[in-house]
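Secondary and tertiary structure notes
The lines below spell out each chain.
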Amino acid sequence: MQAMEQHISSLIWCTYRKNFRAIGGTGLTSDASWGCTMRCGQMVLAEALSRLHLGRDWRWTAGTGNRSYHALLRMFLDKPDSVYSLQQIAQFGVDFNRKVGEWFGPNNMCQVIKKMAKYDGWSNLAIHIAMDMTIVESEIYALCKGVEVTGAKRHSYQDGHMKSISPAEESPDGATANGGVSLRCDEFKPLLLFVPLRLGLETFEKQYSEPLKACLHLPQSIGMIGGRPRMAFWFYGCQKGDGKAMRWCIL
């Protein structure tokens, strides 16, 4: 229990605030009622950067003087010049047809994070968004630095499971039937992979509970953003052996 509490207290918590500097010329000084997905996106990104700069096993203690930790916090301050601030998120959202003060969906948030990360020279993240529930390895290798790829291998999510698809299944002549992938990782950028999914038409389908719990137990997982419009949550873990799909969450 103590180890769990230390882990939770080390997570960076981003939530609604008020009386910050107005965003652009809108006069908005609070994100209450419209910023939930943005705050969840900040927490997901903060967890990824925390693992990159501090390490997975790093734990917060009162009065910590860790310079990297403080530098990381400054990136998320609600100030226009902070690279991952709410102001930056809201203004980048305009490029994706979201007005400042308008609620974001998770996919909007992924797109904005990908665009903002280009201005983060310290982290140098490669961000890939797997659209249409498909992961294309060649696209990921091309995105990361110093990689040579031959023969793309694809992965598709079907019925809650990941299925490998070789090029022969997609190419009429089957010229690349072996589906081989060769790569050279001289300087492989750290990768943040987003997989947007809709797990049910109106409500969450319980059949996805076990696969999602399995994903949360992966050491590479930084959780997921879910919920419903104007009520987003960051699910960052689940208790092993618990009957519920996700036990721990942060708004």
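Now for a description of the structure that goes with this document. Computed from a prediction, not measured in an experiment: that's the story for all the values here. (Residues numbered from 1 in each chain as written. Predicted model: local features only at pLDDT ≥ 70, side-chain atom pairs only at ≥ 80, totals over all residues. Heavy atoms only, no water.)

Considerations on the overall build of the protein
If you tally the helices and strands in the protein, you get seven helices and eight strands. Split into buried and exposed, the 251 residues of the protein put 37% on the buried side. For the protein, long-range pairs separated by at least 24 residues make up 55% of all intrachain contacts whose partners lie at least 6 apart in sequence. Counting every atom, the protein has about 14400 Å² of accessible surface; 51% of that belongs to carbon and sulfur. (Helix = DSSP H or I, 4+ residues; strand = E, 2+ residues; numbered from the N terminus. Buried < 20%, exposed > 50% of the residue type's maximum accessible area, 1.4 Å probe, protein only. Contact = heavy atoms within 4.5 Å. Areas by Shrake-Rupley, 256 points an atom, 1.4 Å probe, with all protein chains shown as cover.)

Some points on the environment of Ile12
Among the secondary structure elements, Ile12 is positioned in the loop between helix H1 (2-10) and helix H2 (36-53). Using a relative accessible area of 11% as the deciding quantity, one classes Ile12 as buried. It is 6.3 Å that separates the C-alpha atoms of Ile12 and Met43, two residues lying 31 residues apart in sequence. Leave out the neighbours within four places in its chain, and Ile12 touches Met43, Ala46, Tyr69, Leu72 and Leu73.

Details of the packing of aromatic side chains
The tally for this structure, following the rule as stated, stands at five aromatic pairs. Look at Phe92 and Tyr119: their rings are 5.9 Å apart centre to centre, the planes differ by 40°, and that puts the pair in the tilted class. Here Tyr119 lies in the loop between helix H5 (106-116) and strand E1 (126-129) and Phe92 lies in helix H4 (residues 86-93), a separation of 27 residues in the sequence. Accessibility expressed as a relative area gives 61% for Tyr119, which makes it exposed. When the centroid spacing of 6.1 Å and the interplanar angle of 40° are considered together, the rings of Phe233 and Phe235 count as tilted. Accessibility expressed as a relative area gives 23% for Phe233, which makes it partly exposed. (Phe/Tyr/Trp six-rings, centres within 6.5 Å; stacked < 30°, edge-to-face > 60°.)

So, the pattern of salt bridges
What the rule picks out here adds up to seven salt bridges. Linked through salt bridges whose partners overlap, the residues forming this network are Arg17, Asp31, Arg39 and Asp78. (Salt bridge = Lys/Arg side-chain N within 4 Å of Asp/Glu carboxyl O.)

A short note on H2
The α-helix winds at 3.6 residues per turn, so residues separated by three or four positions along the chain end up facing the same way. Look at H2: 26 Å from first C-alpha to last across 18 residues, which is about the 26 Å you get at 1.5 Å a residue. Taken from the residues just after H2, Gly55 is the one with a positive phi, measuring 100°. (Expected span 1.5 Å × (residues − 1).)

Section: the pairing of E1
Side chains Ala126 and His128 project from E1 onto one buried face, and the interleaved Ile127 and Ile129 project onto a second face that is buried too. In this sheet, strand E5 (residues 191-194) lies alongside E1 in parallel orientation, the contact comprising four bridges. Considered in E5, the bridge of Ile127 is made with Leu192. (Pairing = 2+ DSSP bridges.)

A few points about the packing of H2 against H4
Two elements in contact, H2 and H4, have axes whose closest approach is 11 Å; the angle formed by their N-to-C orientations is 115°. Of the two elements, H2 crosses H4, and the hand of that crossing is right-handed. Counted together, Met38, Arg39 and Gln42 of H2 and Leu86, Ile89 and Ala90 of H4 form the full contact between these two elements. Residue classes in the contact of H2 with H4 are distributed as four nonpolar, one polar and one charged. (Axes fitted to C-alpha atoms, helices over the stretch in contact; angles between N-to-C directions. Left-handed = near helix turned anticlockwise from the far one by under 90°. Nonpolar A, V, L, I, M, F, W, Y, C, P; charged D, E, K, R; others polar.)

Considerations on the nonpolar core
In terms of nonpolar packing, the biggest core is built from 44 residues, with Leu45, Leu49, Phe76, Tyr84, Leu192 and Phe194 touching the most fellow members. Every element with two or more residues in this core is listed here: H2, helix H3 (67-74), H4, H5, E1, E5 and strand E7 (231-237). Among the elements that line this core, the one with the most residues is H2, at nine residues. Once residues within four sequence positions are removed from consideration, Leu49 is found in contact with Leu54, Leu72, Met75, Phe76, Tyr84, Asp120, Ser123 and Leu125. One finds Ala126, Ile135, Ile140 and Cys144 within the second-largest nonpolar core, a separate group that totals five residues. (Core = buried A, V, L, I, M, F, W, Y, C linked by side-chain atoms within 4.5 Å.)

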